[in-house]
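# Tertiary structure, described
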Amino acid sequence: MAKFQVTPLTPTIGAVVEGIDLSQRLDDEELAEVRAALLAHQVIFFEDQHITPVQHRDFAARFGALHTHPLYPGVPEAPELFILDNHKDNPTDNDSWHTDVTFIETPPMASILYAKHLPPSGGDTIWSNMKAAYEALSPTFREFLSGLDAVHDFARGFPQQGIVAAGAGAEKHAKALAANPPVLHPVVRTHPETGEDGLFINYGFTDRIKGLRRKESDAILGMLFEHIQKPEFLVRWRWKDNAIAFWDNRVTQHYAVNDYLPHRRIMNRATVLGDRPYHRSRMPAGMKAVAA
């Protein structure tokens, strides 16, 4: 029996979860219900949550090991979390469509973002459903894409002259760059829990498609980067103080709307590590398929 209420926001993506207090440790049944809501709706939202950084970290850690970002400043009480503090002297770098941390071999399965301080208006975040975006393509194009891999590059998302690199400092950026060489991921990813396929490319980190000439790659990626922005695939969340967004990073992209400067916006984020992406047609040896 459900212990809390899940209300969808659109037919495609997003739901609000009510009747739950994330400052309290969830039992196994409650945790399973949260995971089920996440898988069903791709991004779920919790309002009026009053949690400490340690509680935030501990909730996220129930879903897997946590990733520590190589550039963003950590939260002192829980360094696995990092701080997104944007204002007129530190504008956001997240106002482009991206999937978190796809520059590593095992990109995050999820991210959990907590609103600490909000501008008077604006600062919304938009998510897009990559399963819906993939299924909206023609069958012939889907089949073509399913055989491709793409290069994901830390340097594309965090260039040396960028805002985040400047904030972190040249030495820290150089160390992160050396530790994160480009990696290959399938253009179409099979979700390890649902068995469903979705696009796994993003403007933030996907540099090129392997095996294609640069013009061919740019044309295909440019078309896909535009395609995933169709309103039918999207949910837009208007933040409130102490709200939380929890998204499945394996099947979504998101965009932080940069319309609130010179006002300030502060968020804390936990990032849960995931598995190496694969496509069902090219599964790693020994891995068992999940029925879609």
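An account of the accompanying structure is given in this report. (Residues numbered from 1 in each chain as written. Predicted model: local features only at pLDDT ≥ 70, side-chain atom pairs only at ≥ 80, totals over all residues. Heavy atoms only, no water.)

## Thoughts on the sheet that holds strand β12 (residues 206–209)
If you walk across this open sheet you meet the 3 strands as β9-β8-β12, and the pairing is antiparallel. The sheet is open, and its two edges are formed by β9 (183–186) and β12, each paired on a single side. Each neighbouring strand pair of the sheet contributes to a mean axis angle of 35°, computed without reference to strand direction. In the sheet, strand β8 (residues 149–152) pairs with β12 via 3 bridges, with the strands oriented antiparallel. Bridge assignment links Ala150 to a residue of β12, and that residue is Ile209. (Pairing = 2+ DSSP bridges. Helix = DSSP H or I, 4+ residues; strand = E, 2+ residues; numbered from the N terminus. Axes fitted to C-alpha atoms, helices over the stretch in contact; angles between N-to-C directions.)

## A word on helix α4 (residues 139–146)
Within the span of α4, buried status applies to Phe141, Leu145 and Ser146. For α4, the arc enclosing every buried residue in end-on projection is 135°, short of the 170-degree limit, so these residues lie on one face. Along α4, the residues that are exposed and aim more than 90 degrees away from the buried face are Pro139, Thr140 and Glu143. Where α4 is buried, its residues meet α3 (130–135), β10 (188–190), β11 (197–199) and α8 (214–227). (Buried < 20%, exposed > 50% of the residue type's maximum accessible area, 1.4 Å probe, protein only. Arc of directions from axis to C-beta. Contact = heavy atoms within 4.5 Å.)

## Considerations on the packing of α4 against α8
The interhelical angle for the contact between α4 and α8, taken along N-to-C directions, is 120°, at an axis separation of 13 Å. As judged from the angle between their axes, α4 and α8 are oblique. Note that α4 runs across α8; the crossing there is left-handed. On α8, the residues that touch Phe141, Phe144 and Leu145 of α4 are Ile220, Met223 and Leu224. Taken together, the residues of the contact of α4 with α8 sort by class into 6 nonpolar, no polar and no charged. (Parallel < 35°, antiparallel > 145°, perpendicular 65-115°, else oblique. Left-handed = near helix turned anticlockwise from the far one by under 90°. Nonpolar A, V, L, I, M, F, W, Y, C, P; charged D, E, K, R; others polar.)

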